[in-house]
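Examination of the molecular architecture
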Amino acid sequence: GLSSLVGVGPGLAARLGLNVPPALLTELPEFPGDRLDPARGGGDLVIQLCAADRWPLSVVAEQAGAAARAAGATVRWTQSGFLARTAGGATPRNLFGFKDGTANPNGPEGGQWVWGPPGPHEHGTVLVYRRIRMDTAAFAALPMDRQEQVMGRRAGDGAPLTGTAEHDEPDIYAKNPDGSYVLPATAHVRLSSPRLDGGARMLRRGYSYDDGPGDRGLLFCAFMRDPAQFTRVQNRLAARDALNAFVEHTASAVAYVLPGAPAGGTLGEGLFG
Ligand code: HEM
């Protein structure tokens, strides 16, 4: 039950002459409010390992680290995370208690915005990783209706404030009788809405982490064809997201995720030369 992905950082992609357009793989800019620890992010190669149990992860991570060291590399950072098991494909909740991962691209949207175009990049994508500390106590102290205004969705069923069911599309134009927006101007789902981005969607597959008191949060992992999309969304969020009072970005990485290898093939074989 173990799955893995391998991503190549911008520096190594350039040194290997990997056939990835440089515009699609550059370091992210600095965003207002960032408190990034370089020792917890960046690097040449990222390996993400996922499994239902911790034990195979530890064993395989150990082996991958040993193989990397034998090849002359050093392990720059590791980060473990977790995700609640949910029944029947239900959306899991993050450490603020809200369903997280509701609005993700469907198949055709993924083909347009997440995976590379037909050709050598067809099964490749770009990973943006952000380690985001969350002040869970301060958020939990807000009255529930205030929490929902911050998010733009209801805590119970995850429905947008403009809808009745979890998968209703948030309507960023809907107004109250007094003329104010139903989804407040600073609500997270307004500012991250694909409607502000020509419909562009990223595939979010986050995990929670718990590194002890005062250091818990979200390992934001999002996949997209062009990381400039992340930059556009994060610039909007950094400027006015109501969540900003409760979160702090503490590490960052970007990597080109190699297309999976065919049976008997080698990862990334179509991308050299
Ligand atoms: C700790 C920080 C964050 C928390 C707690 C958080 C939480 C949430 C929640 C609860 C939702 C609504 C449910 C869903 O559609 O999944 C959501 C939606 C979304 N978030 Fe975040 N998020 C965080 C950071 C970010 C960041 C850094 C970005 C990108 C720069 C981002 C981009 C999005 C997008 C694109 C959506 C979907 C909007 C839509 O299509 O309606 N989020 N987030």
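Whatever comes next refers back to the structure up there.
Throughout what follows, the structure given in this document is the object of discussion.

Comments concerning the pattern of salt bridges
The full count for this structure, using the stated rule, is 16 salt bridges. Residue D197 pairs with R236 through a salt bridge whose shortest N-O separation is 3.0 Å. On the criterion of sequence distance, the pair formed by D197 in the loop between helix 6 (188-191) and strand 4 (203-204) and R236 in helix 7 (residues 228-240) is long-range, its members being 39 residues apart. With relative accessibility at 11%, the residue D197 sits in the buried group. Because the salt bridges share partners, they merge into one network encompassing R131, R133, D211, D215 and E248.

Focus: helix 7
With 13 residues, helix 7 ought to run about 18 Å at 1.5 Å a step, and its terminal C-alpha atoms sit 19 Å apart, in line with that. All buried positions along helix 7 are accounted for by Q229, F230, T231, V233, Q234, L237 and A238. Those residues of helix 7 hidden inside the fold are in contact with helix 3 (107-113), strand 3 (125-134), helix 6, strand 6 (216-224) and strand 7 (247-257).

A look at the layout of surface pockets
Here the second largest pocket defines a volume of roughly 920 Å³. As for the second largest pocket, its lining consists of 45 residues, and the residues nearest its centre are H188, S192, R204, F220 and L237. Of all the secondary-structure elements, those providing two or more residues to the lining of the second largest pocket are strand 3, helix 6, strand 6, helix 7 and strand 7. Per element, the largest residue contribution to the lining of the second largest pocket is 6 residues, and it comes from helix 7. In terms of residue class, the lining of the second largest pocket is built from 22 nonpolar, 12 polar and 11 charged.

Some words on the site of the ligand
Around the ligand, the structure places 28 residues, and the nearest of them are G101, T102, A103, H188 and R204. One of the side-chain N or O atoms of H188 is found 2.8 Å from a nitrogen atom in the ligand. For the ligand, an oxygen atom lies 2.9 Å from a polar atom in the side chain of R204. Taking a 2 Å distance to the grid points as the criterion, the majority of the atoms of the ligand fall inside the second largest pocket. Sorting the residues of the shell around the ligand by element identifies strand 3, helix 6, strand 6, helix 7 and strand 7 as the ones contributing at least two each. It is helix 7 that contributes the most residues to the shell around the ligand, 4 residues altogether.

Observations concerning the nonpolar core
Residues L18, F96, F139, F220, F230, Y256 and L258 are the most contacted members of the largest nonpolar core, which totals 36 residues. Residue assignment for this core shows that the elements contributing at least two residues are strand 1 (3-8), helix 1 (10-16), strand 3, helix 5 (144-151), strand 6, helix 7 and strand 7. The residues contacting Y256, other than those within four sequence positions of it, are V6, G7, V8, V20, L25, H121, G124, T125, V126 and L271. Within the second largest apolar cluster, 13 residues are counted, among which are V114, F223, A253 and V257.

Side note on the pairing of strand 6
Within strand 6, 8 of the 9 residues are buried, which leaves the element mostly enclosed by the surrounding structure. Relative to strand 6, strand 3 is paired through 8 bridges, and the arrangement is antiparallel. Within strand 6, the position partnered with V128 by the bridge is A222. One ladder, built from 2 bridges, connects strand 4 with strand 6; its direction is antiparallel. Directly across from L203, in strand 6, lies its bridge partner F223. Relative to strand 6, strand 5 (residues 207-210) runs antiparallel, the two sharing 4 bridges. What sits directly across from S208, in strand 6, is L218. Linking strand 5 to strand 6, which pair antiparallel, is a turn of 5 residues; within it G212 sits at a positive phi near 105°.

Focus: the packing of aromatic side chains
This structure, assessed with the given rule, holds 6 aromatic pairs. Between F98 and F139, the aromatic rings sit 6.0 Å apart at their centres with planes inclined by 75°, giving edge-to-face as the arrangement. Taken as a pair, F98 in the loop between helix 2 (54-70) and helix 3 and F139 in helix 4 (residues 136-140) lie far apart in primary sequence, 41 residues in all. Among the residues examined, F98 registers a relative accessible area of 2% and is labelled buried. Taking relative accessible area as the criterion, F139 reaches 1% and is therefore assigned buried. Among the aromatic residues, those joined into a cluster by ring pairs are F96, F98, F139 and F246. Just above the ring of Y181 sits the side chain of K175; from NZ or CZ to the centre is 5.1 Å. Sitting above the plane of the Y181 ring, R190 keeps its charged end 4.2 Å from the centroid.

Basis of the calculations
- Residues numbered from 1 in each chain as written.
- Predicted model: local features only at pLDDT ≥ 70, side-chain atom pairs only at ≥ 80, totals over all residues.
- Heavy atoms only, no water.
- Salt bridge = Lys/Arg side-chain N within 4 Å of Asp/Glu carboxyl O.
- Helix = DSSP H or I, 4+ residues; strand = E, 2+ residues; numbered from the N terminus.
- Buried < 20%, exposed > 50% of the residue type's maximum accessible area, 1.4 Å probe, protein only.
- Expected span 1.5 Å × (residues − 1).
- Contact = heavy atoms within 4.5 Å.
- 1 Å grid on protein atoms, 1.4 Å probe; cavity = no way out; pocket = protein on both sides within 12 Å on 5 of 7 lines; lining within 4 Å.
- Points joined across faces, edges and corners; volume = space filled by probe spheres on them.
- Nonpolar A, V, L, I, M, F, W, Y, C, P; charged D, E, K, R; others polar.
- Near = heavy atom within 4 Å.
- Polar contact = N/O pair within 3.5 Å; in protein donor to acceptor, adjacent residues only side chain to side chain.
- Sits in = over half its atoms within 2 Å of the grid points.
- Core = buried A, V, L, I, M, F, W, Y, C linked by side-chain atoms within 4.5 Å.
- Pairing = 2+ DSSP bridges.
- Phe/Tyr/Trp six-rings, centres within 6.5 Å; stacked < 30°, edge-to-face > 60°.
- Lys NZ or Arg CZ within 6 Å of the ring centre and 35° of its normal.

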